[in-house]
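Okay, here's what each chain looks like letter by letter:
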Amino acid sequence: MIGLAGSIERRNGVSLWRQIADRILQGIASGDFAENAALPPEMALAERYGVNRHTVRSAIAALVQEGVLKAEQGRGTFVLSRKRLSYPIGARTRFSTGLQGQTTERHIALLSSSTEPANRRIAEALGIARGSAVICLETRGEADGHPVSRATTWFAAKRFAGIEVAVAETGSITASLKRFGINDYLRQSTVLSARHADADDLADLELQPGAIVLVTVAVNVTLDGQPIQFAESRFPAERVELRLSAND
């Protein structure tokens, strides 16, 4: 982590260049580095963060690849105008409608599916016996051709046999649940956290090592309170912000 005074921690398991990249991202978010304006020179950034120019150069190169910065030969490096998507979490949290008005096209891509016995955590969330069969779906949420979420979702196999086929065909959890007679459902609980992306999320979300993902662990229930879905979703912090909403 980077200290309040701009120093870095050299033994926290995160490479120095990634820490500097995160610090630059923080500066952009706070307005220290204005959109469409040039970044300070490499030497100035190196002095600011207490590292050498090579570390700063690696951080800038990563942010250029991520589409945050743009390097122009002979002119410098500029902050691109890039607004993050705002994903609402409320009583009715839906991937497609949540991003409506911010993106043109949205869908869920099924990456893989499997059937497995429910461990205690999954069983308690879904209100089923430990060891009961559950269907596990690995999915990626895409908006306008870009990955914006990665989720691992569990459904009770006895009730939702074949839901993986429905998700593959519809590209939507909500549309898939309608095939099982569930036309509406509610968010019962959501736990929020953040962490560094693991290797799978780096690949599936097209992130650079050290990138931060926002994590939601959620349970959805029918209108009469029966648990139907347990999911852990990861959102790239550089592209998506989570907004708690009191509305549907």
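Residues numbered from 1 in each chain as written. Predicted model: local features only at pLDDT ≥ 70, side-chain atom pairs only at ≥ 80, totals over all residues. Heavy atoms only, no water.

As recorded in an unreviewed UniProt entry, the protein goes by Phosphonate metabolism transcriptional regulator PhnF and comes from Mesorhizobium dulcispinae.

Draft legend 1. The overall build of the protein, seen in detail. Looking only at helices and strands, the protein has eight helices and 10 strands in total. Taking all 248 residues of the protein together, 46% fall into the buried category. Considering only contacts in the protein between residues 6 or more positions apart, those separated by 24 or more positions represent 55%. Approximately 12700 Å² of the protein is accessible, and the part contributed by carbon and sulfur atoms is 50%. Side-chain charges in the protein split into 29 positive and 27 negative, and the spacing between the mean points of these groups amounts to 2 Å. (Helix = DSSP H or I, 4+ residues; strand = E, 2+ residues; numbered from the N terminus. Buried < 20%, exposed > 50% of the residue type's maximum accessible area, 1.4 Å probe, protein only. Contact = heavy atoms within 4.5 Å. Areas by Shrake-Rupley, 256 points an atom, 1.4 Å probe, with all protein chains shown as cover. Lys, Arg positive; Asp, Glu negative; His and termini not counted. Charge placed at Lys NZ, Arg CZ, Asp CG, Glu CD.)

Draft legend 2. Representation of the pairing of strand β5 (residues 133-143). The buried fraction of β5 is high, at 10 of 11 residues. Pairing geometry for strand β4 (residues 106-117) and β5, over 11 bridges, is antiparallel. The partner of Ile-108 across the bridge, within β5, is Gly-141. Hairpin connection, β5 to strand β6 (residues 146-156): the antiparallel pair is bridged by two residues, and Asp-144 has positive phi, about 50°. (Pairing = 2+ DSSP bridges.)

Draft legend 3. Highlighting the sheet that holds β6. Across the sheet, which stays open at both edges, the six strands sit in the order β4-β5-β6-β9-β8-β7 with antiparallel pairing between neighbours. Each end of this open sheet is capped by a strand with a single partner; those strands are β4 and β7 (186-196). Across this sheet, the average inter-strand angle for adjacent strands is 20°, counted without regard to direction. Pairing of β5 with β6 involves 10 bridges; the strand directions are antiparallel. Among the inter-strand pairings, Ile-135 is bridged to a residue of β6, identified as Phe-155. (Axes fitted to C-alpha atoms, helices over the stretch in contact; angles between N-to-C directions.)

Draft legend 4. The arrangement of the nonpolar core in detail. In terms of nonpolar packing, the biggest core is built from 24 residues, with Tyr-87, Leu-99, Val-148, Phe-155, Phe-160, Ile-163 and Leu-177 touching the most fellow members. Of all the secondary-structure elements, those providing two or more residues to this core are β3 (85-89), β5, β6, α6 (163-170), α7 (173-178) and β9 (227-236). Among the nonpolar cores identified, the runner-up in size contains 19 residues, and Ala-118, Leu-126, Val-134 and Leu-207 belong to it. (Core = buried A, V, L, I, M, F, W, Y, C linked by side-chain atoms within 4.5 Å.)

Draft legend 5. Looking closely at the pattern of salt bridges. Tallied over the entire structure, the rule returns 18 salt bridges. With its nearest N and O atoms 3.1 Å apart, the salt bridge here joins Arg-18 to Asp-22. Note that Arg-18 and Asp-22 are positioned in helix α1 (residues 16-30) at a spacing of four residues, about one turn of the helix. Judged on exposure class, the residue Arg-18 and its partner Asp-22 are both buried. As a salt-bridge pair, Glu-241 and Arg-84 come within 3.6 Å of each other at their nearest N and O atoms. Here Glu-241, found in strand β10 (residues 240-244), pairs with Arg-84, found in the loop between β2 (76-79) and β3; they are 157 residues apart in sequence, far enough to count as distant. A relative accessible area of 32% places Glu-241 in the partly exposed class. When salt bridges with common partners are traced through the structure, they connect Arg-195, Asp-201, Glu-232 and Arg-234 into a single cluster. (Salt bridge = Lys/Arg side-chain N within 4 Å of Asp/Glu carboxyl O.)

Draft legend 6. Spotlight on the packing of helix α2 (residues 42-49) against helix α3 (residues 53-65). One way to put it is that α2 packs onto α3 with a least axis distance of 9 Å and a crossing angle of 105°. Relative to α3, the element α2 is oriented roughly perpendicular. Contacts from Glu-42, Met-43, Leu-45 and Ala-46 in α2 reach Arg-53, Val-56, Arg-57 and Ile-60 in α3. Partitioning the contact of α2 with α3 into residue classes produces five nonpolar, no polar and three charged. (Parallel < 35°, antiparallel > 145°, perpendicular 65-115°, else oblique. Nonpolar A, V, L, I, M, F, W, Y, C, P; charged D, E, K, R; others polar.)

Draft legend 7. Here's a closer look at the packing of aromatic side chains. Tallied over the full model, the rule gives five aromatic pairs. Arranged with centres 5.4 Å apart and planes meeting at 25°, the rings of Trp-154 and Phe-230 form a pair that is stacked. On the criterion of sequence distance, the pair formed by Trp-154 in strand β6 and Phe-230 in strand β9 is long-range, its members being 76 residues apart. No difference in accessibility class separates Trp-154 from Phe-230, as the two residues are buried. (Phe/Tyr/Trp six-rings, centres within 6.5 Å; stacked < 30°, edge-to-face > 60°.)

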